[in-house]
Protein chains: 2
Amino acid sequence: MDTELLRRLATPNDTKIVLCVVDGLGGLPDPRTHRSELETANLPHLDLLAGNSVCGLTIPVDYGVTPGSGPGHMALFGYDPLQHEVGRGVLEALGIDFDLQRSDVAARGNFCTLDAQGKITDRRAGRIPTTLTIELCERLRQIKLPGVELIVEPVREHRFVLVMRGEGLDGSLSQTDPEREGVEPLPVRATSPHAEATADLAHQFVMQARKLLSDQPQANGLLLRGFAKHPDLPSMPEVAQMRAGAFAVYPMYRGLAKLAGMTASAGGGTQESQLDALKSHWNDFDFFFYHFKRADAAGEDGDFHAKVLALEEFDKLVPQLEDLGADVLMIAGDHSTPSQMAGHSWHPVPFLLNSKLGTTDDVDQFHEAACRRGSLGVFPARHVLSLAMAHAGRLMKFGA
Amino acid sequence: MDTELLRRLATPNDTKIVLCVVDGLGGLPDPRTHRSELETANLPHLDLLAGNSVCGLTIPVDYGVTPGSGPGHMALFGYDPLQHEVGRGVLEALGIDFDLQRSDVAARGNFCTLDAQGKITDRRAGRIPTTLTIELCERLRQIKLPGVELIVEPVREHRFVLVMRGEGLDGSLSQTDPEREGVEPLPVRATSPHAEATADLAHQFVMQARKLLSDQPQANGLLLRGFAKHPDLPSMPEVAQMRAGAFAVYPMYRGLAKLAGMTASAGGGTQESQLDALKSHWNDFDFFFYHFKRADAAGEDGDFHAKVLALEEFDKLVPQLEDLGADVLMIAGDHSTPSQMAGHSWHPVPFLLNSKLGTTDDVDQFHEAACRRGSLGVFPARHVLSLAMAHAGRLMKFGA
């Protein structure tokens, strides 16, 4: 359902909807056992819940498309991820809990090493310690340019974020990182005519930074990539007429929820403390996004066993999620992260929706092959929000 | 995935992708046995391959849409067949191995019989022998018009192809065939303002042809239909960054592949010689389109048993296809051709994709009902290319 139709049909009521995103949920079979991580794990609570729910598989973006975390979550929040792209610079800023504003343009920065001819000898400046990056970012904050506020924030090792804040900025800029060594950094270029002024400001920043870094043995240059403006999405709480709260340990996921217009809880650094925060805010929101990270991390590490354990850890939280008594409880993934691939993948992701209004569905296990037989079939993840709202009685009839 | 996204995500590597199109693959159950042609046939190799693959059903164009060979293949080559139509005149030209150029406008021609008042008495001129059509086409080649080259090629019996070659031609022309007898041929009319000049040229051709044919007892007139310009598709090899080769016995399928930018092999006139050609070009291409015709021909004849035999004949080729060692091997159909209907149909078509990165899928037979339970679900055929590229590691991640 597109935003305009959702806006037209959405109607508020007293129901509660909980969306649990198990990051990197789906996987692939172990070649020896022919069983996926979900099929291998012991998931008594999820299996029981699947038996009382309608199941299916979600396609995060499109057939064959491997999503990053941005599009994977945006789809579950009801956006068409191909229409609403979240740039790399924006994600990097969200990842350090930076409070990005609607007119900001953000970029990922790397300190790098340049030789006497200005050519790159190390794109990561020998992975200088974070402490030095903090010091160098402090130094770069001296740079002042007319009509724009420049914010430089350290990330980790050689990485930082540059945010340009001001009116009329445009993120359509090419990266200065040539993605190889032995050549000079590229100039910043506007990739749209509206971005000429912003390109000029970014260029001036780079020139002044080079001077300020010239005494550094390793970090005497910098590379910028992923220039992107805040995506300025339609607000999900406004469109769907639901107060929406996000409960996630990692800043990037809180940040993605904030882009969608949700309120992010501080909530602390563990899955349990975030779940406690969710419970304590039960009266404050209608829609709750709860993010569980460890399955993705284990999959990214290529560690099948660790992913199995992460899924079993999530399973133990399920009774608490059920005890919330939500009208609609969903278990979803932003994408698959098969241990076998040690990375994200395009494979459709198991999904369940528990509510009083589910149809019959003979799925009583929660894994890829079982969910495929579910009543929801294989469907685009961007329909999850409208499906949930329908099951919560939050969508009016279309037409007479 | 649309062309622009595919262009953005495609990345080359050393993998090989084989797409086997079994023309008219899908069918309907025999009313007596309740088993389709695929369910009736003995297909040991396909069943075994299905057991090691992910399966599904493809929708060639849209729900309820029966595709011709053009849209059925275009979808499998990654194009939205509703966006990229291949006109009848173009298909007729491809069918005789005519080397259509990007600016050409082609039309199907029929010789017909006209009475003294110029009214059609036989739309097919008594199906005159091909030898006479060859002679009459030779005669029509005398026609010269300013600024355009006219090419007239015989097809079979009363049928020929007219190709207009020149700059600025437009195929938006109405047909001269009224599709009934007892009336005069219709004038050529431009159906778009840009086609006025082309309409005028086509009209002059018709007038001069009438004079040149006036001594003929049967073939004293002609009818033109299906005017169409070369569809000028984005090149699949360029967009997908794959060298692509086509191996098909029949000229129309080589022609469709050439429209998509593939290189068509000569390869000879049997399925075996085309398969040998494919093997001998293994190092020349990344993507291989192999076409198997006989299943469609048997279905079109309404011969259930012949279609079963054709499928069994294809099954015998499967071990050779597997022995190629492709990273991705797909068995697909351009559309269903149920013997019961003696023609193409809209029914979703069995599909399998074999690769190391397939998910679990408990389908171990290759037929309509089994493939419906497959992990790919029921999906549009135009996603086949991006799915294959994903399984071959040829698509980059979307978003961060």
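No experiment lies behind these values; they were computed from the predicted model shown.

**Student:** Any details on the interface of chain B and chain A? Residues and values, ideally.
**Tutor:** Contacts between the two partners involve 28 residues from chain B and, on the opposite side, 31 residues from chain A. On the surface where chain B and chain A come into contact, there are 2 salt bridges. Its salt-bridge partner being Asp362(B), residue Arg373(A) comes within 3.4 Å of it at the nearest N-O pair. Joining chain B to chain A, the criterion identifies 9 residue pairs in polar contact (both at pLDDT 80 or more). Those elements giving two or more residues to the side of chain B that touches chain A turn out to be α1 (3-9), β13 (377-380) and α14 (384-391) of chain B.

**Student:** How would you summarise the sheet that holds strand β8 (residues 244-247) of chain B if you had to cite specific residues and measurements?
**Tutor:** Residue and element names in this part refer to chain B. The strand order β9-β8-β10-β1-β11-β12-β2-β13 describes an open sheet built from 8 strands, whose pairing is mixed. Strands with a single pairing partner mark the edges of an open sheet, and in this sheet they are β9 (263-264) and β13. Direction of pairing for strand β2 (residues 54-59) relative to β13: parallel, over a ladder of 4 bridges. Each residue of the ladder has a partner; that of Thr-58, found in β13, is Phe-379. Together, β2, β11 (328-332) and β12 (349-354) form the strand contacts of helix α3 (residues 44-51), whose direction differs from that of β12 by roughly 60°.

**Student:** Summarise the packing of aromatic side chains; cite the residues concerned and give the values.
**Tutor:** Residues and elements named next belong to chain B. For the structure on display, the rule yields 17 aromatic pairs over all chains. An angle of 40° between the planes, with centres 4.7 Å apart, marks the rings of Phe-111 and Phe-160 as tilted. Residue Phe-111 is found in strand β3 (residues 105-114), and its partner Phe-160 is found in strand β6 (residues 159-165); the two are separated by 49 residues along the sequence. Assessed through its relative accessible area of 0%, Phe-111 is described here as buried.

**Student:** With reference to specific residues and values, describe the nonpolar core.
**Tutor:** Buried together is how nonpolar side chains tend to be arranged in soluble globular proteins. Grouped together as the largest cluster of nonpolar side chains are 66 residues, with contacts concentrated most on Phe77(B), Met236(B), Met262(B) and Phe287(B). The biggest single contributor to this core is α14(B), with 6 residues. Beyond its immediate chain neighbours, meaning those up to four positions away, Met236(B) contacts Phe77(B), Tyr79(B), Gln241(B), Met242(B), Ala244(B), Ala260(B), Met262(B), Phe287(B) and Leu385(B). With 52 residues, the next largest nonpolar core counts Met74(A), Ala240(A), Leu256(A) and Ala257(A) among its residues.

**Student:** Now, about helix α6 (residues 130-140) of chain B: what can you tell me, with residues and values included?
**Tutor:** Residue and element names in this part refer to chain B. All buried positions along α6 are accounted for by Thr-133, Leu-136, Cys-137, Arg-139 and Leu-140. In an axial view of α6, the angular spread of the buried residues amounts to 155°, which keeps them on one side of the axis. Against the buried residues of α6 lie β3, β5 (149-154), β6, α7 (196-212) and β7 (221-229).

**Student:** Can you tell me about the pairing of β8(B), naming the residues and giving the values?
**Tutor:** Residue and element names in this part refer to chain B. Judged by which residues are buried, β8 turns out to be covered on both faces: Ala-244 and Ala-246 on one side and Gly-245 and Phe-247 on the other are all buried. With 4 bridges connecting them, β8 and strand β10 (residues 287-292) associate as parallel partners. Residue Ala-246 lies in a different strand from β10, and its bridge partner there is Phe-289. As paired strands, β8 and β9 are joined by 2 bridges and run parallel to one another. Looking at β9, one finds that Gly-245 is bridged to Thr-263.

**Student:** Describe the relation of the copies chain B and chain A, listing the residues and the values that go with them.
**Tutor:** Of the transformation placing chain B onto chain A, the axial shift is 0.1 Å and the rotation is 125°, giving an RMSD of 0.1 Å. Overall, the copies show the geometry of a three-fold rotation axis. Counting the interface residues of chain B, we find that no more than 7% of their copies in chain A are interface residues as well, pointing to two distinct contact surfaces.

**Student:** Hey, could you go over empty space enclosed by the protein for me, with residue numbers and the actual values?
**Tutor:** Applying the stated criterion across every chain, the model contains 5 cavities of 30 Å³ or more. Roughly 100 Å³ of internal volume is contained in the largest cavity. As for the largest cavity, its lining consists of 13 residues, and the residues nearest its centre are Trp346(A), His347(A), Pro348(A), Leu376(B) and Leu387(B). Counted by class, the lining of the largest cavity contains 8 nonpolar, 5 polar and no charged residues. Here the second largest cavity is characterised by a volume of approximately 80 Å³. Grouping the constituent residues of the lining of the second largest cavity by class yields 8 nonpolar, 3 polar and 1 charged.

**Student:** Explain the environment of Val152(A) to me, and be specific about the residues and the numbers.
**Tutor:** Looking at where Val152(A) falls in the secondary structure, it is placed in strand β5 (residues 149-154). Those residues in contact with Val152(A) that lie beyond four places of it in its chain are Cys137(A), Leu140(A), Arg141(A), Phe160(A), Val161(A), Leu162(A) and Phe205(A).

**Student:** So, the packing of helix α4 (residues 69-76) of chain A against helix α9 (residues 251-259) of chain A: which residues are in play, and what are the values?
**Tutor:** All names here are of chain A. Running from amino to carboxyl end, α4 crosses α9 at an angle of 50°, the nearest separation of the two axes being 10 Å. Accordingly, the angle class assigned to the pair α4 and α9 is oblique. α4 and α9 meet at a crossing whose hand is right-handed. Judged by residue contacts, Ser-69, Gly-70, His-73 and Met-74 of α4 engage Met-252, Tyr-253, Leu-256 and Leu-259 from α9. Among the residues forming the contact of α4 with α9, the class breakdown is 5 nonpolar, 3 polar and no charged.

**Student:** Mind laying out the confidence of the model for chain A, listing which residues take part and the relevant values?
**Tutor:** Across chain A, the average pLDDT comes to 95, with 100% of residues at or above 70. Scored by ipTM, the complex comes to 0.89, with pTM at 0.91.

**Student:** Can you lay out the layout of surface pockets for me, pointing to particular residues and giving the numbers?
**Tutor:** The volume enclosed by the largest pocket comes to roughly 940 Å³. For the largest pocket, the lining is made up of 32 residues, of which Ser69(B), Arg88(B), Leu91(B), Glu92(B) and Met252(B) are closest to its centre. Element by element, the count of residues in the lining of the largest pocket is highest for helix α5 (residues 88-95) of chain B, at 4 residues. Classifying every residue of the lining of the largest pocket gives 15 nonpolar, 8 polar and 9 charged. When its volume is computed, the second largest pocket comes out at roughly 790 Å³. Around the second largest pocket, the lining is made up of 22 residues, and of these Glu92(A), Arg159(A), Met252(A), Tyr253(A) and Lys293(A) lie nearest the centre. Going through the elements one at a time, α5 (88-95), α9 and α11 (294-300) of chain A are the ones with two or more residues in the lining of the second largest pocket. Counting residues per element, the lining of the second largest pocket draws most heavily on α5(A), which supplies 4 residues. Each residue belonging to the lining of the second largest pocket can be placed in one class, and the counts come to 9 nonpolar, 4 polar and 9 charged.

About the criteria used
Residues numbered from 1 in each chain as written. Chains lettered and ligands numbered in written order. Predicted model: local features only at pLDDT ≥ 70, side-chain atom pairs only at ≥ 80, totals over all residues. Heavy atoms only, no water. Contact = heavy atoms within 4.5 Å. Salt bridge = Lys/Arg side-chain N within 4 Å of Asp/Glu carboxyl O. Polar contact = N/O pair within 3.5 Å; in protein donor to acceptor, adjacent residues only side chain to side chain. Helix = DSSP H or I, 4+ residues; strand = E, 2+ residues; numbered from the N terminus. Pairing = 2+ DSSP bridges. Axes fitted to C-alpha atoms, helices over the stretch in contact; angles between N-to-C directions. Phe/Tyr/Trp six-rings, centres within 6.5 Å; stacked < 30°, edge-to-face > 60°. Buried < 20%, exposed > 50% of the residue type's maximum accessible area, 1.4 Å probe, protein only. Core = buried A, V, L, I, M, F, W, Y, C linked by side-chain atoms within 4.5 Å. Arc of directions from axis to C-beta. Least-squares fit on C-alpha atoms with pLDDT ≥ 70 in both. 1 Å grid on protein atoms, 1.4 Å probe; cavity = no way out; pocket = protein on both sides within 12 Å on 5 of 7 lines; lining within 4 Å. Points joined across faces, edges and corners; volume = space filled by probe spheres on them. Nonpolar A, V, L, I, M, F, W, Y, C, P; charged D, E, K, R; others polar. Parallel < 35°, antiparallel > 145°, perpendicular 65-115°, else oblique. Left-handed = near helix turned anticlockwise from the far one by under 90°. pLDDT = per-residue confidence, 0-100.

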